[in-house]
Amino acid sequence: MPATLREGGAPDAAAVAALLTASRRSAYAGLVPDAALAADSSQQMLWELRLGADYGPPADTPTLLLADDPDGTLAAFAHLVPDGPVVRLEHLHVRPDRTGHGLGARLLHAALARHPDRPVRLDVLAANRRAIAFYERHGGRRIGRGTAHFPDGTALPEYEYGWR
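A. Geometry of the pattern of salt bridges. For the structure on display, the rule yields nine salt bridges. In this structure, arginine 6 engages aspartate 12 in a salt bridge whose closest nitrogen and oxygen atoms are separated by 2.9 Å. The class of arginine 6 is partly exposed, set by a relative accessible area of 32%. Between aspartate 68 and arginine 6 there is a salt bridge whose closest N-O contact spans 2.5 Å.

B. Spatial organisation of the side chain of serine 23. Of note, serine 23 is situated in helix H1 (residues 13-27). At 2.8 Å, the side chain of serine 23 forms a polar contact with the side chain of histidine 93. Setting aside residues up to four positions removed in sequence, serine 23 forms contacts with Tyr28, His93, Val94 and Pro96.

C. Structural view of the packing of aromatic side chains. Counted according to the given criterion, the structure contains four aromatic pairs. Measuring from ring centre to ring centre gives 6.4 Å for tyrosine 28 and phenylalanine 150, while their planes differ by 85°; the resulting arrangement is edge-to-face. One end of the pair, tyrosine 28, is in the loop between H1 and helix H2 (34-39); the other, phenylalanine 150, is in the loop between strand E6 (141-149) and strand E7 (155-163), with 122 residues separating them in the sequence. Judged by its relative accessible area of 15%, tyrosine 28 is buried. Summarising the aromatic geometry, the rings of tyrosine 135 and tryptophan 163 are spaced 6.0 Å apart at their centres and angled 80° between planes, so their arrangement reads as edge-to-face. Linking tyrosine 135 in helix H5 (residues 129-137) with tryptophan 163 in strand E7, this pair joins segments that are 28 residues apart in sequence. Of the two residues, tyrosine 135 and tryptophan 163, both sit in the buried class. Chaining the aromatic ring pairs together yields one cluster made of Phe134, Tyr135 and Trp163. Between the NZ or CZ atom of arginine 50 and the centre of the ring of tryptophan 47, over which it lies, the distance is 4.4 Å. Stacked on the ring of tyrosine 159, the Lys or Arg arginine 142 has its end atom at 3.7 Å from the ring centre.

D. Structural view of the environment of valine 124. Of note, valine 124 is situated in strand E5 (residues 120-125). Taking the C-alpha atoms as reference points, valine 124 and glutamate 90, 34 residues apart in sequence, are found 9.8 Å from one another. With residues near it in sequence (within four places) discarded, valine 124 still touches Ala131, Ile132, Tyr135, Glu158, Tyr159 and Tyr161.

E. Main features of the sheet that holds strand E2 (residues 63-68). If you trace the seven strands from one edge of the open sheet to the other, you get E1-E2-E3-E4-E5-E7-E6, paired in mixed fashion. Both outer strands of the open sheet, strand E1 (4-7) and E6, are each paired with one neighbouring strand and no more. Direction aside, neighbouring strands of the sheet carry axes that sit 25° apart on average.

F. How the structure looks around the pairing of E7. Both E5 and E7 contribute to a ladder of six bridges, which runs antiparallel. Bridge pairing links valine 124 to tyrosine 159 in E7. Here E6 runs beside E7; their pairing, made up of eight bridges, is antiparallel. Residue pairing across strands places arginine 145 opposite tyrosine 159, the latter belonging to E7. Linking E6 to E7, which pair antiparallel, is a turn of five residues; within it glycine 153 sits at a positive phi near 100°.

Calculation rules
- Residues numbered from 1 in each chain as written.
- Predicted model: local features only at pLDDT ≥ 70, side-chain atom pairs only at ≥ 80, totals over all residues.
- Heavy atoms only, no water.
- Salt bridge = Lys/Arg side-chain N within 4 Å of Asp/Glu carboxyl O.
- Buried < 20%, exposed > 50% of the residue type's maximum accessible area, 1.4 Å probe, protein only.
- Helix = DSSP H or I, 4+ residues; strand = E, 2+ residues; numbered from the N terminus.
- Polar contact = N/O pair within 3.5 Å; in protein donor to acceptor, adjacent residues only side chain to side chain.
- Contact = heavy atoms within 4.5 Å.
- Phe/Tyr/Trp six-rings, centres within 6.5 Å; stacked < 30°, edge-to-face > 60°.
- Lys NZ or Arg CZ within 6 Å of the ring centre and 35° of its normal.
- Pairing = 2+ DSSP bridges.
- Axes fitted to C-alpha atoms, helices over the stretch in contact; angles between N-to-C directions.

This is how it looks when you write it as structure tokens:
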């Protein structure tokens, strides 16, 4: 049975934080210094604040999309944040043992469908060739360059991708 997609909220903060940490440690291994990944391990409080905040009108409120396995375990999530005329896909993470089975694509397309009238943008590390290939396979176009900053002070080049 495939994963079930649903909207998430504050009660999902711990599961989202744990999945994010596991995903980053897996996907960024060899791309990001270990110290930067270790400094990024305390995510639960951030997600509790982020998911419990009042952002005002629905058009300004971030969306958390979750993919739950049939046993209720969180398998993947996407976090969309309105940012003026665009929407930022701040996070798209799949549990490391669930990658490569189409779940990321399903979640990405569900995220893009949430905002059919607004451009969607995301940032990806320039060295993350696997993620870049994934986004390009699913219609993303490279539209800019920037720098990713990690809590330990590490700065790495990144690309901005966009749809629409």
